[in-house]
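Descriptive analysis of the structure
As a plain string of letters, each chain reads:
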Amino acid sequence: MIADTAVLTVDLDAIAANWAALRERHGRDVAGVLKADAYGLGAPEVARRLAWEGCRHFFVAHLFEALAVVEAAPGASVAVLDGILPGEAPDFAEHGILPVLNDLGQVDAWRAEAVRRGHLLPAILHVDTGMHRLGLPPSEVAALASDPARLDGIDLRYVMTHLVAAEVPDDPANARQHAAFAAARARLPAVPVSLANSSGIFLGEDFASDLARPGAALYGINPTPGRPNPMRQAVRLDGRVLQVREIEAGATVGYNGIWTATRPSRIATVAVGYADGYLRGLSNRGTARFAGRPIPMAGRVSMDLTTFDITDLPQVGPGDMLTLIGDGQTPDDLALLAGTNGYEILTSLGQRYTRRYLGA
């Protein structure tokens, strides 16, 4: 029997509860953003559960991601945020996947595919209001408004934009984008709109739209930084102790000896490292938990292993599991220690974990 060296537990009940809470707060339809394998947690499993709960709209980044979601949630609307790459239009149409059209070239390609097939094809139009990544800039919105026939053959389901700083409620970029989006919409066909992301749902009624697109909040990341997290935690990560070493005061642990024992110490080596997405930036900063008690890290996170000082927990031994995420240590907590955000913590989680799904 192969032992579980590390276990990633995903609470689908919590994800479903978060989706329901976001839908209630938004007061309108709410999609599920499943890009990056549902932020590292398993897009097919999350799609199946959210579809069972009544979610009928999903967003991913790439076409290959959409194909997995279509299979897991048949009949749902699945949209690809990155749009159509050259040559992909037939695959989108064949599988009933909605492209998010990000420029006039994509608009023209999708129209040409509709003409070739002889029927309307659904799509979402993305307007850039300040992110300056994807989406039609104002010049292309003006060109499309002056030549609306370019949309012939396209069943335009939504016009969308993406907020730059929704997690900072008083950032003036929010008001600027709201105004820019209103101006663009006035020049485009009168179809439903999609505006709010996870944090945008908490910006108030002005940012409500026909379809919100929460991602990180579904998985327990705080959409309101600096305030209590309204979301349920959905992730737990446990790593097994492989070995316990007793070392003398003055001995160092791990690469470059950045941790030095100030007393005779017991060091537990755990089978999780940066190859598993437990970030190297946590070195000498992270903590684990055992029976709810914090355990300080000792030294660097290495590729496959991380070491912890269990001197004050003599009951911990080889084979025990230490909790790296959960038990009062959220992805947001780890992100603060590593100098990143909770999104990176989740999406970095690797493929070597045994994955368990609660509520599947």
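Look above for the structure.
What you see is a predicted model, and the numbers here were worked out from it, not measured in a lab. (Residues numbered from 1 in each chain as written. Predicted model: local features only at pLDDT ≥ 70, side-chain atom pairs only at ≥ 80, totals over all residues. Heavy atoms only, no water.)

A few points about helix H8 (residues 172-187)
In a regular helix each residue adds 1.5 Å, so 16 residues correspond to 22 Å; H8 covers 24 Å between its end C-alpha atoms and thus fits that length. Regarding H8, the residues found buried are Ala-173, Asn-174, Gln-177, Phe-181 and Ala-184. Along the axis of H8, the buried residues cluster in a sector spanning 95 degrees; they form a single face. For H8, the exposed residues lying more than 90 degrees away from the buried face are Pro-172, Ala-175, Arg-176 and Ala-186. Among the structural elements, helix H7 (138-146), strand S8 (154-160) and strand S9 (193-194) are those in contact with the buried residues of H8. (Helix = DSSP H or I, 4+ residues; strand = E, 2+ residues; numbered from the N terminus. Expected span 1.5 Å × (residues − 1). Buried < 20%, exposed > 50% of the residue type's maximum accessible area, 1.4 Å probe, protein only. Arc of directions from axis to C-beta. Contact = heavy atoms within 4.5 Å.)

Description of the pattern of salt bridges
If you walk through the whole model with that rule in mind, you get 16 salt bridges. With a closest N to O distance of 3.6 Å, Arg-117 and Glu-94 form a salt bridge. Placement of Arg-117 in helix H6 (residues 104-117) and of Glu-94 in helix H5 (residues 89-95) is noted, with a sequence separation of 23 residues between them. Residue Arg-117 pairs with Glu-113 through a salt bridge whose shortest N-O separation is 2.7 Å. Note that Arg-117 and Glu-113 are positioned in helix H6 at a spacing of four residues, about one turn of the helix. Given the relative accessible area of 28%, Arg-117 is considered partly exposed. (Salt bridge = Lys/Arg side-chain N within 4 Å of Asp/Glu carboxyl O.)

A look at the sheet that holds strand S5 (residues 77-80)
Here seven strands make up an open sheet; going across it, the order is S3-S4-S5-S6-S7-S8-S9 and the pairing parallel. Each having just a single partner strand, strand S3 (32-33) and S9 make up the two edges of the open sheet. For strand S4 (residues 57-60) and S5, the ladder comprises four bridges, and the chain directions are parallel. Paired with His-57 across the two strands is Ser-77, which belongs to S5. Contacting S4 and S5, helix H4 (residues 63-72) crosses the sheet at an angle of about 170 degrees to S5. (Pairing = 2+ DSSP bridges. Axes fitted to C-alpha atoms, helices over the stretch in contact; angles between N-to-C directions.)

As for unusual backbone geometry
With phi around 65 degrees, Asn-256 is a residue other than glycine that occupies positive phi space. Positionally, Asn-256 belongs in the loop between strand S12 (252-253) and strand S13 (259-260). The residue Asp-327 is not glycine, and still its phi comes out positive at about 50 degrees. Structurally, Asp-327 can be placed in the loop between strand S18 (321-325) and helix H9 (331-338).

What about the packing of aromatic side chains?
All told, the structure shown has three aromatic pairs when counted by the stated rule. Considering the side-chain rings of Tyr-39 and Tyr-219, the 5.1 Å spacing of their centres and the 35 degrees angle between planes classify their relative orientation as tilted. In this pair, Tyr-39 is assigned in helix H2 (residues 35-40) and Tyr-219 in the loop between strand S10 (211-212) and strand S11 (235-247), connecting sequence segments 180 residues apart. Here Tyr-39 and Tyr-219 have matching classes, each one buried. Measuring from centroid to centroid gives 6.2 Å for Phe-92 and Trp-110, while their planes differ by 75 degrees, and the two rings are edge-to-face. Separated by 18 residues along the polypeptide, Phe-92 in helix H5 and Trp-110 in helix H6 bring together distant segments of the chain. Accessibility classification places Phe-92 together with Trp-110 in one group, the buried group. Put simply, the rings of Tyr-39, Tyr-219 and Tyr-343 pair up and form one aromatic cluster. A cation sits over an aromatic face here: Arg-185 above Phe-181, 5.5 Å from the ring centre. (Phe/Tyr/Trp six-rings, centres within 6.5 Å; stacked < 30°, edge-to-face > 60°. Lys NZ or Arg CZ within 6 Å of the ring centre and 35° of its normal.)

Overview of the pairing of strand S15 (residues 287-290)
Neither face of S15 is open: one carries Thr-287 and Arg-289, the other Ala-288 and Phe-290, and all of them are buried. Taking the residues that link successive antiparallel strands as the turn, the S15-strand S16 (residues 293-296) hairpin has two residues, and the phi of Ala-291 there is positive, at about 55 degrees.

What to know about the nonpolar core
In terms of nonpolar packing, the biggest core is built from 108 residues, with Ile-15, Leu-34, Trp-110 and Tyr-219 touching the most fellow members. Other than its neighbours up to four places away in sequence, Ile-15 contacts Val-10, Leu-41, Val-46, Leu-50, Leu-218, Tyr-219 and Ala-234. Grouped together as the second largest cluster of nonpolar side chains are six residues, Val-253, Ala-261, Ile-267 and Ala-298 included. (Core = buried A, V, L, I, M, F, W, Y, C linked by side-chain atoms within 4.5 Å.)

Some details on the side chain of Ser-77
Among the secondary structure elements, Ser-77 is positioned in strand S5. Here Ser-77 falls in the buried class, since its relative accessible area comes to 16%. When neighbours within four sequence positions are excluded, Ser-77 is seen to be in contact with Arg-56, His-57, Phe-58 and Leu-98.

With respect to helix H3 (residues 43-53)
All of the buried residues in H3 are Ala-43, Val-46, Ala-47, Arg-49, Leu-50 and Ala-51. In the core, the buried residues of H3 are packed alongside helix H1 (12-26), H2, S4 and H4. Where H3 terminates, the next one or two residues include Gly-54, which has phi positive at roughly 115 degrees.

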